[in-house]
Amino acid sequence: IAIYVILNASVSRSLPSSSDLPRQLIREEEDDDQGRRAPVQPKVRVYMYNLPTRFTYGVIEQHSITRGGIKKPVDDVTALKYPGHQHMHEWYLFSDLNRPEVDRSGSPIARVLDPADADLFYVPVFSSLSLIVNAGRPVEPGSGYSDEKMQEGLMEWLEGQEWWRRNGGRDHMIPAGDPNALYRILDRVKNAVLLVADFGRLRPDQGSFVKDVVIPYSHRVNIFNGEIGVEARNTLLFFMGNRYRKDGGKVRDLLFQVLEKEGDVTIKHGTQSRENRRAATKGMHTSKFCLNPAGDTPSACRLFDSIVSLCVPVVVSDSIELPFEDVIDYRKFSIFVEANAALQPGFLVKMLRKIKTKKILEYQREMRSVTRYFDYDNPNGAVKEIWRQVSQKLPLIKLMSNRDRRLVLRNVTEPNCSCLCTNQTGLITSI
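Model, not experiment: these values are computed from the prediction.

Visitor: Which residues make up the overall build of the protein, and what are the values?
Guide: Along the backbone of the protein there are 15 helices and 13 strands. Counting all 431 residues of the protein, 50% fall into the buried class.

Here's what the structure looks like:
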């Protein structure tokens, strides 16, 4: 014990204290959920690259041109408005880091202007918006905007940066919320911390919980600000979305067949449009439960629409991964149903009809208590939580960076232990 005390004291004297750090790099004391004062901690220092505008505002410009918002390139692209869609995280994170530090009180990270001072590096590419610039619009080869060229250009630019080459990108963060974002260069950026909506399109060696951060979709319906209750919620179960999907999303068509004749269930086919968004908002705000089946990938923005609508999510997606599960227990306000069980005629509606009003109210209270985590406009919401998740990766990033520099020979035929795969047990723990 005496030896431990002596060694611990000597190590403590060698580490910088909070008084040694600039004030903007000290995380302010805050009350935790139990009202206790959290200890003062140094903020993680983040350097945001000043990317060429073709990777940021230039993407907004191209998106607007293809949709007729503007007829030709503008002189000041920074005046353009980022368009609304379900992967707006990249805009909110970019905007947050562009705010003065005095306006970022309580954030677990601090922006630094000298890369030599940084713990982590943020690459503010609008990768999800780039993917949909030409969505549904045929483009002749050699003309118009190319997401593939944007990706290749980004990779070329990154590989020219000293700080990227130093650790092979391990200490870099890259937003890739859309499941198909950066698909062309994923193998070249997979060392980085990827900010993803789910792992549905990523191989186990490209993404994992160990190094990456699962982020929420941007909710596309209005937040329900009314009173908790079921009096105005006359529909038992509501769903509105694309009936036909690929891969795991094929369960949607089967659910339609099982549920469409149930009298207290509203299940409609609908694609993204302003009118359909209004109808979905009304439906979710007047329903007790909202169905959340898998789509082309395990998750979708509908789950977060349900939560902010206080419509209890009924999740039928066996491989779904969810954001912020270290602080959120989704079982407190969601119902998870294994796909095979949900497809049994009568099973789902019979189960939901048995749930008492008291339990539904408990679900609603829990949803209201966590809504801020899924609201990108809330100063204490999604953006701040994403940065907290990122900051927790720093010790592992330093470990892996130092380890990589030390290794001189590696047996590449063995599994790479730096990327622990998720959901490998095959165990089903849902209903």
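Visitor: Kindly report on the pairing of strand 9 (residues 235-241), identifying the contributing residues and their values.
Guide: The buried fraction of strand 9 amounts to 7 of the 7 residues, a majority that puts the element mostly inside the structure. Bridge analysis of strand 9 against strand 11 (residues 287-293) gives 3 bridges, and the strand direction is parallel. Opposite Thr235, over in strand 11, you have Ser287 as the bridge partner. Where strand 9 and strand 10 (residues 265-269) come together, 5 bridges link them in parallel fashion.

Visitor: Could you give an account of the sheet that holds strand 9, with specific residues and numbers?
Guide: Strand order across the open sheet formed by 5 strands is 10-9-11-12-13, with parallel pairing between neighbours. The open sheet has two edge strands with one neighbour each: strand 10 and strand 13 (335-336). Pairing analysis gives 2 bridges linking strand 12 (residues 312-316) to strand 13, with the strands arranged parallel. Residue Val315 lies in a different strand from strand 13, and its bridge partner there is Phe336. Lying on the sheet, helix 8 (residues 251-259) is in contact with strand 9, strand 10, strand 11 and strand 12; it crosses strand 10 at an angle near 135°. Sitting on the sheet, helix 9 (residues 274-285) is in contact with strand 9 and strand 11, with an inclination near 160° to strand 9.

Visitor: So what about the nonpolar core? Which residues, and what values?
Guide: The biggest cluster of nonpolar side chains holds 110 residues, and the ones touching the most others in it are Tyr49, Leu154, Ile174, Leu237, Phe289 and Leu291. Setting aside residues up to four positions removed in sequence, Phe289 forms contacts with Leu236, Leu237, Phe238, Cys311, Val312, Val314, Ile335, Leu352, Ile355 and Ile360. If you look at the next biggest cluster of nonpolar residues, it comprises 8 residues, including Val221, Phe238, Ala280 and Met284.

Visitor: Talk me through the pattern of salt bridges; I want residue IDs and the actual numbers.
Guide: One pass over the structure, following the stated rule, counts 21 salt bridges. Between Asp96 and Arg99 there is a salt bridge, with the nearest N and O atoms lying 2.7 Å from each other. Across the salt bridge formed by Arg243 and Asp253, the nearest N and O atoms sit 2.7 Å from each other. Pair noted here: Arg243 is in the loop between strand 9 and helix 8 and Asp253 is in helix 8, with a separation of 10 residues, a long-range link.

Visitor: Got a sec to walk through the side chain of Gln364? Specific residues and values, please.
Guide: Among the structural elements, Gln364 can be located in helix 13 (residues 357-370). Those residues in contact with Gln364 that lie beyond four places of it in its chain are Ile228, Gly229, Val230, Arg233 and Leu310.

Visitor: Provide a residue-level description of the sheet that holds strand 5 (residues 120-122), including the pertinent values.
Guide: Within the open sheet, the 6 strands sit side by side as 4-3-5-6-7-8. Their pairing is parallel. Each of the sheet's edge strands pairs with one partner strand only, and the pair in question is strand 4 (109-111) and strand 8 (213-214). Where strand 7 (residues 193-196) meets strand 8, 2 bridges bridge the pair, whose relative direction is parallel. Residue pairing in the sheet places Leu195 in a bridge with Val213 of strand 8.

Visitor: So what about helix 3 (residues 89-97)? Which residues, and what values?
Guide: The element helix 3 is largely enclosed, with a buried count of 7 among its 9 residues. His89, Glu90, Tyr92, Leu93, Phe94, Asp96 and Leu97 are the residues of helix 3 that are buried.

Visitor: Requested: an account of the confidence of the model for the protein, with residues and values cited.
Guide: In low-pLDDT segments, the atomic positions of the prediction should not be examined closely. Model confidence for the protein is summarised by a mean pLDDT of 86, while 82% of its residues fall at 70 or above. The model gives residues 9-21 a pLDDT under 50, and that stretch makes 4 contacts with residues more than four places away or in other chains.

Visitor: A description of the state of the cysteines should follow, citing residues and the corresponding values.
Guide: Using the criterion set out here, one finds 1 disulfide in the structure. Here Cys290 engages in a disulfide with Cys311; their sulfurs sit 2.1 Å apart. Between Cys290 and Cys311 the sulfur-sulfur dihedral comes to about 105°; the bridge is accordingly right-handed. Note that Cys290 is positioned in strand 11 and Cys311 in the loop between helix 10 (302-308) and strand 12, a separation of 21 residues in sequence. Here Cys290 and Cys311 have matching classes, each one buried.

Visitor: Lay out the environment of Ser401 in plain terms, naming residues and giving numbers.
Guide: With respect to the secondary-structure elements, Ser401 resides in helix 15 (residues 394-406). According to the relative accessible area criterion, Ser401 is buried, its value standing at 6%. Measuring from C-alpha to C-alpha, the distance between Ser401 and Gly168 comes to 8.3 Å, with 233 residues separating the pair along the chain.

Visitor: Talk me through the pairing of strand 11; I want residue IDs and the actual numbers.
Guide: The buried fraction of strand 11 amounts to 7 of the 7 residues, a majority that puts the element mostly inside the structure. One ladder, built from 5 bridges, connects strand 11 with strand 12; its direction is parallel. From the neighbouring strand, Asn292 faces strand 12, where its bridge partner is Val315. Following the chain from strand 11 across helix 10 to the adjacent parallel strand 12, one finds a crossover that is right-handed.

Visitor: Can you tell me about helix 2 (residues 57-66), naming the residues and giving the values?
Guide: Structurally, the α-helix is built with 3.6 residues per turn, so residues lying three or four positions apart point the same way. Counted residue by residue, helix 2 has 7 buried out of 10 residues, so it is predominantly covered. Considered for burial, the residues of helix 2 that qualify are Tyr57, Gly58, Val59, Ile60, Glu61, His63 and Ser64. Along its buried surface, helix 2 packs onto helix 3 and helix 4 (127-131). Trailing helix 2 by a residue or two, Gly68 shows a phi angle of about 80°, which is positive.

Visitor: Go over the packing of aromatic side chains, please, and point to the residues and values.
Guide: Working definition: an aromatic ring pair is given by the centre-to-centre distance plus the angle between the planes. Across all of its chains, the model carries 21 aromatic pairs by this definition. Summarising the aromatic geometry, the rings of Tyr92 and Tyr376 are spaced 5.4 Å apart at their centres and angled 25° between planes, so their arrangement reads as stacked. Here Tyr92, found in helix 3, pairs with Tyr376, found in the loop between helix 13 and helix 14 (382-391); they are 284 residues apart in sequence, far enough to count as distant. Take Tyr376: its relative accessible area is 6%, and that puts it in the buried class. A ring pair is formed by Tyr122 and Trp387, whose centres lie 5.6 Å apart and whose planes are at 85°; its orientation type is edge-to-face. Note that Tyr122 is positioned in strand 5 and Trp387 in helix 14, a separation of 265 residues in sequence.

Thresholds, definitions, all that
- Residues numbered from 1 in each chain as written.
- Predicted model: local features only at pLDDT ≥ 70, side-chain atom pairs only at ≥ 80, totals over all residues.
- Heavy atoms only, no water.
- Helix = DSSP H or I, 4+ residues; strand = E, 2+ residues; numbered from the N terminus.
- Buried < 20%, exposed > 50% of the residue type's maximum accessible area, 1.4 Å probe, protein only.
- Pairing = 2+ DSSP bridges.
- Contact = heavy atoms within 4.5 Å.
- Axes fitted to C-alpha atoms, helices over the stretch in contact; angles between N-to-C directions.
- Core = buried A, V, L, I, M, F, W, Y, C linked by side-chain atoms within 4.5 Å.
- Salt bridge = Lys/Arg side-chain N within 4 Å of Asp/Glu carboxyl O.
- pLDDT = per-residue confidence, 0-100.
- Disulfide = S-S within 2.5 Å.
- Right-handed = clockwise from strand over helix to strand, strands pointing away.
- Phe/Tyr/Trp six-rings, centres within 6.5 Å; stacked < 30°, edge-to-face > 60°.

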